[in-house]
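What follows is the residue order along each chain.
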Amino acid sequence: FVMVILKGSVAISFNGNKEPAAYAEIVSMGGINKEVKRDLIATLGTILENKLSIPRTRFFLKVFDTTAGRNSSKL
């Protein structure tokens, strides 16, 4: 499942100025390893750059796996 919330009208200051910038969080309940994380960041970075004209130096992407380091629960 994927949920996307996009808020384009929120003012953001990145590195002290208000040029186009972005912040994104990806939270997963499993399935995020180093390779997946790297691929997600590369893909989203390309989209932000090519579709929204936000340079790679102007966005921050946070990728987090809620199950990292824990045993899986079988509910």
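Heads up: the structure comes first, above all this text.
Attention in this report is confined to the structure presented alongside it. Computed from a predicted structure; not experimentally measured. (Residues numbered from 1 in each chain as written. Predicted model: local features only at pLDDT ≥ 70, side-chain atom pairs only at ≥ 80, totals over all residues. Heavy atoms only, no water.)

## Things to note about the pattern of salt bridges
Next, step 1: Enumeration over the complete set of coordinates arrives at 1 salt bridge.
Next, step 2: Two residues, Glu-49 and Arg-56, come together in a salt bridge whose shortest N-O distance is 3.0 Å.
Next, step 3: A relative accessible area of 40% means that Arg-56 is categorised as partly exposed. (Salt bridge = Lys/Arg side-chain N within 4 Å of Asp/Glu carboxyl O. Buried < 20%, exposed > 50% of the residue type's maximum accessible area, 1.4 Å probe, protein only.)

## Brief notes about the side chain of Arg-58
Next, step 1: Positionally, Arg-58 belongs in the loop between α1 (34-52) and β2 (59-65).
Next, step 2: Summary of buried charges: Arg-58 has no salt-bridge partner, and the nearest side chain of opposite charge, Glu-19, is 4.5 Å away.
Next, step 3: Engagement of the side chain of Arg-58 in a polar contact is seen with the backbone oxygen of Glu-19, the distance being 2.8 Å. (Helix = DSSP H or I, 4+ residues; strand = E, 2+ residues; numbered from the N terminus. Lys, Arg positive; Asp, Glu negative; His and termini not counted. Polar contact = N/O pair within 3.5 Å; in protein donor to acceptor, adjacent residues only side chain to side chain.)

## Concerning the packing of aromatic side chains
Each aromatic ring pair is specified by the distance between its two centres and by the angle formed by the two planes.
Next, step 1: Counted under the stated rule, the structure contains 1 aromatic pair.
Next, step 2: Consider the rings of Tyr-23 and Phe-60, whose centres lie 5.7 Å apart with planes at 0 degrees: the pair is stacked. Of this pair, Tyr-23 sits in strand β1 (residues 22-28) while Phe-60 sits in strand β2, and the two are 37 residues apart along the sequence.
Next, step 3: The partly exposed category is assigned to Tyr-23, whose relative accessible area is 46%. (Phe/Tyr/Trp six-rings, centres within 6.5 Å; stacked < 30°, edge-to-face > 60°.)

## Some details on α1
In an α-helix there are 3.6 residues to a turn, and that puts residues three or four apart on one side.
Next, step 1: Taking 1.5 Å as the rise per residue, α1 with 19 residues should run 27 Å; its terminal C-alpha atoms sit 26 Å apart, in good agreement.
Next, step 2: Between the side-chain oxygen of the N-cap and the backbone nitrogen of Glu-35 there are 3.0 Å, and the N-cap of α1 in question is Asn-33.
Next, step 3: Phi turns positive one or two residues past the end of α1, at Ser-53, with a value near 55 degrees. (Expected span 1.5 Å × (residues − 1).)

## Points about unusual backbone geometry
Next, step 1: A positive phi is found at Asn-15, a non-glycine position, where the angle reads about 60 degrees.
Next, step 2: Position of Asn-15 relative to the elements: it lies in the segment before β1.
Next, step 3: One non-glycine residue, Ser-53, adopts positive backbone phi at about 55 degrees.
Next, step 4: Among the secondary structure elements, Ser-53 is positioned in the loop between α1 and β2.

All quantities given are derived from atomic positions and should not be read as evidence of function.
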